[in-house]
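Here are the chains, one letter per residue:
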Amino acid sequence: MTDAVRSGRAHLMSKDPDVSATPDSPRGGAEMRVDLSNEGFTEPPQYWRMALASIGDAVIATDSAGVVTFVNPVAELLCGVPLSDSAGRPLREIFHIVNEKTRLPVESPVDQVLATGLTVALANQTVLIAPNGRETVIDDSAAPIVGKDGQVSGVVLVFRDVSEKRRAAEMNERLAAIVESSDDIIASKTLDGILTSWNRGAERILGYTAAEVVGKHVSILVPPEHMEDVDAILNRIRRGEKVDHFQTKRRRKDGTVIDVSLTISPIRNEEGEIIGASKVGRDITAEKNARDERDHLLEAAQMARADAEAANRLKDDFLATLSHELRTPLNAMLGWARILSTGPVGPEDLQEGLAAIDRNAKFQAQIVDDLLDISRVITGNLRLDVQRVNLLDVIAAALTTVMPAANTKGVQVKKVLDPLAGQVSGDPARLQQIVWNLLANAVKFTPKGGRVQVLLERVNSHIELSVSDSGIGIKPEFLPHVFDRFRQADPSTTRRHGGLGLGLAIVKQLTELHGGTVRAKSPGEGQGSTFVVSLPIAIVHQDAPSPNKVGQREHDEFKFDYSATPLSGVKVLVVDDEADARQIIRRVLIECGADVALAGSVEEGMKFIDSFRPDIMVSDVGMPDQDGYDLIRRVRARFAAKTLPAVALTAFARSEDRRRALLAGFQTHVSKPVEPAELVAVVASLVERTGTR
Amino acid sequence: LNDSKSRTDERLPGLRILVVDDSKDTARMMHLLLKLQGHEVKLAFAGREAIELVESFRPDVVLLDLRLPDMSGADVIQELRKRQEFATTAFVAVSGFDSDQIPPIFDGHFVKPVDHEALNQFLSRLASKQRLGIAGQGFTQPQ
């Protein structure tokens, strides 16, 4: 402000003191036409001079020729031309204006008024340039001064510096643009939670447009379980606190719930009173998912580590147990050797000592054998010497080994053996190892006076060997681990039962090598256990000794003369639900020159009949769902026995089964286990007889 | 107690030793060997049996395995230590485990196979202390 303004000095240079105007605002230009005939204008010129000098707007008056007659202090300041230089000069000399954008000179509003006689209000794109180069953005307007005669006697030009306003407006625009272009949610709400603003980021992230949510309560965005958070946050805002990076969930318009991080701050009015809250939020769903994923991976890694540590502990426990198990018999042997070498002992002690050394050496050898077996199983180097085996012999041998221990302990062992259920294919020594391990375990874990039972029976196409005891049983939580190697229910050094923890692992591996399964059952601790080994029934008789090979042990799987090809070119369809059985028959038939198709079910068999067009069919009778009888009925509905002869292959060797098979449509019946020679002979004779070749 | 003490005093280095091991071969062997050394030996094959025998036999030292069919060796000691009259009895583990796996309640440990020279030395030392009446408490690790 200049001294002129501050002192209230005004310089009215109007030649006609009666002429004046009341420009209340530059924008009010349309109302500025002054009618000096108005009754109200009776004040002396001095009054107007003072008034014009003290207002905040710049005022310049000219005569009808555009020559300056009056300049107020604000105008003097903005134009940058001293009052003394202004009077009597044409307006255009002191009032240089250009278009803000184009920088081209703008026609003076005074000239326009003089030309048109009408009030002019300029758009606020005008820049006033002072002689010293200082620029001021102005809003301006000009109004004609109309004399009593109705003639335009001059012009009043009113303008004001709007630079500040412009800057503020620009700043607001810029801030608004930032808010709008932000990817984050930027919104505001009242202290009651009513949304008052909503940017494009909020629209994008939450799916609602501003129109849909402004004026509504924020709860439309909040999943019910997070409503309490909203109240808590509003309470903090009321106390003037800021909530930083609060992680919560919000519900989108489409109902999906996303993770957001919110920063909520109080909004104050000019008096500093809190009137609402602003919130800036970010969608952190992806981030959170990534973090969850990372946590999950970390957890998995920790679990893997825990597993590895558990495996390590298992190994340590095992090594401790192993050393114990090896040292115990060693101790007995060395001690007795010492006694026997100290000097003459009585015959009884000598006897006892030698027996003890023998027993413990064998016991230790057993440990070494078990270790080697497990090692062979782990490395895949265990080979079975497969023969036809009668399990009754195997069980008898195992019992012979176990009985002394059972008798000593006072454990009763009972056998329930089906004499017809004994035939399996397998390695007799390994099968004996299975049975022995189960029996020895049963005796070991059964207290004095308890019972052990071994049961052998045929169950469908399997032979099941069960060993049950009335012993200590198995805790349900340990049941899944009984067959794990090195695993013992009680690995501590103070447990009551010795052993390496390998026996059942060996049983499982050996059973599986025989194509069987083993399972453990126990109602719980102290309630006994049952172990069931299920082995596939032998499908063909193996090791059938030929007269010239008597006494000669050979390990060939089948003792059958494969050199002849009696079935050369015969197409045989084999139907059996058991893969092993199919493969064995296939091998026998292929060796004899037959062309073989294998089907695992009646349906599959029917398909092969059309696609493979067999000369003869060999079918198992007992199959799940549809059995061999169903199959032959369907076959006979389409093909006569002459066209497609059929052999029933079944474990049911009773005469009524034979009759039933023949009645159903089979031409002959071969019982399992099948002699390869018999099967080949039967197939060959049927094909010959029916002439299907 | 005084009875047994006076007797061991007369017949050095004889100690009253109870061997507890469920392996009969081991127990019988220890019995014979210790008897040959002049000790008075009794055998037990289970924990409960051992506790009962201790009552009547009043051994100077109990050599026992960690694992017994009915209870652990440590449980046997725990039960006996509750009673004043067995406060000076030495309980020594004889087991196939390493020393770091022996519960601290044992007064000492011999790992199988037992080094009989070391066992004899240990028993002689024990007998000497016994004579001086300082066995039991303050007992030192034999190995």
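These numbers were taken from a predicted model, which means no experiment stands behind them.

(A) Examining the overall build of chain A more closely. Looking only at helices and strands, one finds 20 helices and 25 strands in chain A. The buried share among the 693 residues of chain A stands at 43%. Carbon together with sulfur atoms contributes 53% to the accessible area of chain A, which is approximately 34800 Å² in total.

(B) Structural view of the overall build of chain B. Of the regular secondary structure elements, chain B holds 5 helices and 5 strands. In chain B, the succession of helices and strands from N to C terminus is α-β-α-β-α-β-α-β-β-α. Pairs at least 24 apart in sequence give 62% of the contacts found in chain B among residues at least 6 apart.

(C) Molecular detail of the environment of Leu18(B). All names here are of chain B. Within the element layout of this structure, Leu-18 appears in strand β1 (residues 16–20). A relative accessible area of 0% places Leu-18 in the buried class. Between the alpha carbons of Leu-18 and Leu-53 there is a distance of 8.2 Å; along the sequence they are 35 residues apart. Apart from the residues lying within four places of it in its own chain, the contact partners of Leu-18 are Lys-42, Leu-43, Ala-44, Ala-50, Leu-53, Val-54, Phe-57, Pro-59, Val-61, Val-62 and Leu-63.

(D) View of the environment of Val467(A). When you line up the elements, Val467(A) lands in strand β18 (residues 462–469). Excluding residues within four positions of it along the chain, Val467(A) makes contact with Leu438(A), Leu439(A), Ala442(A), Val452(A), Gln453(A), Val454(A), Ser529(A), Thr530(A) and Phe531(A).

(E) Helix α2 (residues 24–36) of chain B, seen in detail. Residue and element names in this part refer to chain B. Counted at 1.5 Å a residue, the expected span for α2 with its 13 residues is 18 Å, and the 18 Å between its end C-alpha atoms agrees. What α2 keeps buried is the set Asp-25, Thr-26, Ala-27, Met-29, Met-30, His-31, Leu-32, Leu-33 and Leu-34. One or two residues past the end of α2 sits Gly-38, with phi positive at roughly 95°.

(F) The arrangement of helix α10 (residues 227–238) of chain A in detail. Residues and elements named next belong to chain A. In this model α10 runs 17 Å from its N-terminal to its C-terminal C-alpha over 12 residues, within 8% of the 16 Å that 1.5 Å per residue would give. Taken residue by residue, α10 has Val-230, Ile-233, Leu-234 and Ile-237 as its buried positions. Relative to the axis of α10, the buried residues are bounded by an arc of 100° and lie together on one face. The inward-facing, buried residues of α10 abut β9 (185–190), β11 (243–251), β12 (257–268) and β13 (274–283).

(G) The sheet that holds β13(A), seen in detail. Residue and element names in this part refer to chain A. A sheet is described by the order of its strands in space; here 5 strands give the open sequence β10-β9-β13-β12-β11, paired in antiparallel fashion. Either end of the sheet is taken by a strand with one partner, and the two such strands are β10 (195–198) and β11. Within this sheet the neighbouring strands show an average axis-to-axis angle of 30°, counted without direction. The pairing of β9 with β13 spans 6 bridges and is antiparallel. From the neighbouring strand, Ser-188 faces β13, where its bridge partner is Ser-278.

(H) Summary view of the nonpolar core. Ranked by internal contacts, the top residues of the largest apolar core, which has 48 residues, are Leu391(A), Leu431(A), Leu438(A), Leu439(A), Val452(A), Val482(A) and Phe531(A). Within the second largest apolar cluster, 26 residues are counted, among which are Val61(B), Phe110(B), Leu119(B) and Phe122(B).

(I) Local environment of a nonpolar patch on the surface. Together, Met171(A), Leu175(A) and Ile178(A) line one region of the surface with nonpolar side chains, adding up to about 290 Å² of accessible area. Met171(A) sits in the partly exposed class, given a relative accessible area of 43%.

(J) Layout of the pairing of strand β22 (residues 595–599) of chain A. In terms of burial, β22(A) is a largely internal element, 4 of the 5 residues being buried. For the segment spanning strand β21 (residues 571–575) of chain A, helix α16 (residues 579–591) of chain A and β22(A), crossover handedness is right-handed.

Thresholds, definitions, all that
- Residues numbered from 1 in each chain as written.
- Chains lettered and ligands numbered in written order.
- Predicted model: local features only at pLDDT ≥ 70, side-chain atom pairs only at ≥ 80, totals over all residues.
- Heavy atoms only, no water.
- Helix = DSSP H or I, 4+ residues; strand = E, 2+ residues; numbered from the N terminus.
- Buried < 20%, exposed > 50% of the residue type's maximum accessible area, 1.4 Å probe, protein only.
- Areas by Shrake-Rupley, 256 points an atom, 1.4 Å probe, with all protein chains shown as cover.
- Contact = heavy atoms within 4.5 Å.
- Expected span 1.5 Å × (residues − 1).
- Arc of directions from axis to C-beta.
- Pairing = 2+ DSSP bridges.
- Axes fitted to C-alpha atoms, helices over the stretch in contact; angles between N-to-C directions.
- Core = buried A, V, L, I, M, F, W, Y, C linked by side-chain atoms within 4.5 Å.
- Patch = residues over 30% accessible without salt bridge, like charges linked within 9 Å, V, L, I, M, F, W, Y side chains within 5 Å.
- Salt bridge = Lys/Arg side-chain N within 4 Å of Asp/Glu carboxyl O.
- Right-handed = clockwise from strand over helix to strand, strands pointing away.

The values reported here are purely geometric and, on their own, carry no functional implication.
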